[in-house]
Amino acid sequence: MVTRREVFAGSMMAGILGGLSRSRGAAAQALPKLRLWGASATVEAYHGFLFLGIPLGFYRDMGVDVEFGTAAGSAATLQLVAAGQAQLGYVGMEVLALAKARNPSLPVTAVYLQDRGNIYEVVVPKNSNIRRLADLKGQTLGVANLASGAIPSLRAMLADAGLNPQSDVSLLPVGNGAAAATALRSGRVQALSLFRAQHALIETLGIELRYFQRDQPSAVIIANTAFLRQNRAAVIGTLRGIVAGSIFAQLATDATIREHWKMFGAPSGISEQEALGRARHVLTRSAELWRRWDDAATPWGSMSKDMWDQLQNFMVQQQLMERVIDSNSLFTTELIAEVNQMETAAIERRARGA
């Protein structure tokens with residue numbers, strides 16, 4: 001399998017010391033600076049919407065000097081943004097809702113919806129006799145671990161299919177990547193519930209999959225509220241850079257992968273062509289959850305109170321939250337109109353020529 005290189009070693013808090021920035025020179029020094037953090041211990045090509053703005057100059061062109069890094073998970077990234085050690089972060093919606101329910105004064109707010117589809121899903125081999133979720137009764141499902149963020153979504157999907165999530169199926173920790181693929185191929189588990197990028201990676205290992213999904217957006221860009229209040233234009237510029245990265249990654253997958261390799265190292269142990277093919281598949285499947293580059297009907301980053309209300313109702317149903325809080329405390333759409341005033345035709349032309 002494609003090897004994945006750690007961006008940071010050591011503790012999550014130590015990760016902020018190793019942020020990556022390609023905006024250099026006297027001109028960049030004059031631009032507002034901010035840290036944009038992802039929520040994964042490793043960076044993959046499908047994170048291009050976050051990092052491409054650095055080597056391709058999208059952030060600089062939008063008037064901001066961005067440093068990019070990651071922490072190990074959404075909770076860690078949210079903590080860094082709340083503490084002001086990063087100004088923007090890419091996190092799961094459920095993590096934000098839960099954190100704000102516990103601490104309503106937490107100084108973070110969602111400003112942009114990135115993953116319009118749900119990263120959490122259930123997959124079975126394409127040749128499996130399991131053709132609907134109800135067929136999972138009495139079966140064993142593989143999860144990354146028993147604290148996985150996929151489990152609440154899995155339980156909801158099983159309940160919607162008429163199954164008792166506590167008694168009708170068994171859960172077995174199988175890890176990710178090749179280990180999870182081996183568990184599925186060997187029959188130790190009959191299905192997997194990981195997340196989109198991992199399922200796509202498993203497909204590159206020679207296992208065709210059938211997908212079961214639930215309709216729910218899943219990840220947002222959050223901002224430190226004090227920074228947002230004082231640096232509105234810089235946040236808008238960064239979000240426009242994310243739009244540019246999203247467009248480029250969808251239209252120029254191979255160029256995105258090569259930029260990823262330049263920044264974070266190329267995989268070893270397999271040929272360049274094989275590595276490119278695997279990364280291309282994972283990036284393409286992951287990007288299916290984003291707003292399509294040619295979807296003129298959906299503003300970039302748009303979200304609604306109804307989305308957050310539905311998410312919270314789901315979390316209360318799954319006993320992740322005691323009660324629903326005011327969804328207006330979780331997000332703002334005040335930047336979306338200005339973010340969408342950017343011109344994207346030149347970005348599309350550049351991507352097509354890459």
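Look a little higher up for the structure.
An account of the accompanying structure is given in this report. No experiment lies behind these values; they were computed from the predicted model shown.

**Describing the packing of aromatic side chains**
Part 1: By the definition in use, this model includes 7 aromatic pairs.
Part 2: Arranged with centres 6.4 Å apart and planes meeting at 45 degrees, the rings of F51 and F68 form a pair that is tilted. With a gap of 17 residues between them, F51 in helix α2 (residues 48-51) and F68 in strand β2 (residues 65-70) connect regions that are remote in the sequence.
Part 3: Here F51 falls in the buried class, since its relative accessible area comes to 0%.
Part 4: Ring-pair connections join several aromatic residues into one group, and the members of that group are F49, Y90 and W290.
Part 5: The ring centre of F314 lies 4.1 Å from the NZ or CZ of R214, which sits over that ring.

**A few points about the sheet that holds strand β10 (residues 219-224)**
Consider a sheet: its strands pair through backbone hydrogen bonds, and that pairing is either parallel or antiparallel.
Part 1: Taken in spatial order, the 5 strands line up as β2-β1-β3-β10-β4 in an open sheet, and their pairing is mixed. Unpaired on one side and paired on the other, β2 and β4 (108-115) mark the two borders of the sheet. Across the sheet, the mean angle separating the axes of adjacent strands is 25 degrees when strand polarity is ignored.
Part 2: Where strand β3 (residues 88-92) meets β10, 5 bridges bridge the pair, whose relative direction is antiparallel. By the bridge assignment, Y90 is partnered in β10 with I221.

**Some details on the side chain of S286**
Part 1: With respect to the secondary-structure elements, S286 resides in helix α12 (residues 272-287).
Part 2: Taking the relative accessible area as the measure of exposure, S286 reaches 6% and is therefore buried.
Part 3: Within the local environment of S286, its side chain forms a polar contact with the backbone oxygen of V282, the two atoms lying 2.8 Å apart.
Part 4: The contact partners of S286, leaving out residues within four places of it in the chain, are Y46, R196 and A197.

What counts and what doesn't
- What you see as residue numbers is a count from 1 along each chain, following the sequence as written.
- In view of the model being predicted, local features appear only for residues whose pLDDT reaches at least 70, and side-chain atom pairs are presented and counted only at 80 or more, with totals across whole chains, interfaces and linings using the full set of residues.
- Excluding hydrogens and water, the side-chain figures rest on all heavy atoms present in the structure.
- Stacked, tilted and edge-to-face are the three classes applied to pairs of Phe, Tyr and Trp rings, where Trp contributes its six-membered ring and a pair requires centres within 6.5 Å; stacked means planes under 30 degrees apart, edge-to-face means over 60, and tilted covers the rest.
- Secondary structure elements are taken from DSSP: a helix is a run of H or I of four residues or more, a strand is a run of E of two residues or more, and numbering for both begins at the N terminus.
- Only protein chains enter the accessibility calculation, which uses a 1.4 Å probe; a residue is then buried when its area is under 20% of its type maximum, exposed when over 50%, and partly exposed in between.
- Geometrically, a charge over a ring is one whose NZ (Lys) or CZ (Arg) sits within 6 Å of the ring centre while staying within 35 degrees of the ring normal.
- Pairs of strands are assigned from DSSP output, requiring at least two bridges between the strands.
- Fitted lines through C-alpha atoms serve as axes, helices being fitted only where they are in contact, and the angles separating the N-to-C directions of these axes extend from 0 to 180 degrees.
- Two N or O atoms count as a polar contact when they lie within 3.5 Å, although within protein this holds only if one can serve as hydrogen donor and the other as acceptor, and sequence-adjacent residues are included solely when both atoms are side-chain atoms.
- By definition, residues are in contact when any of their heavy atoms lie within 4.5 Å.

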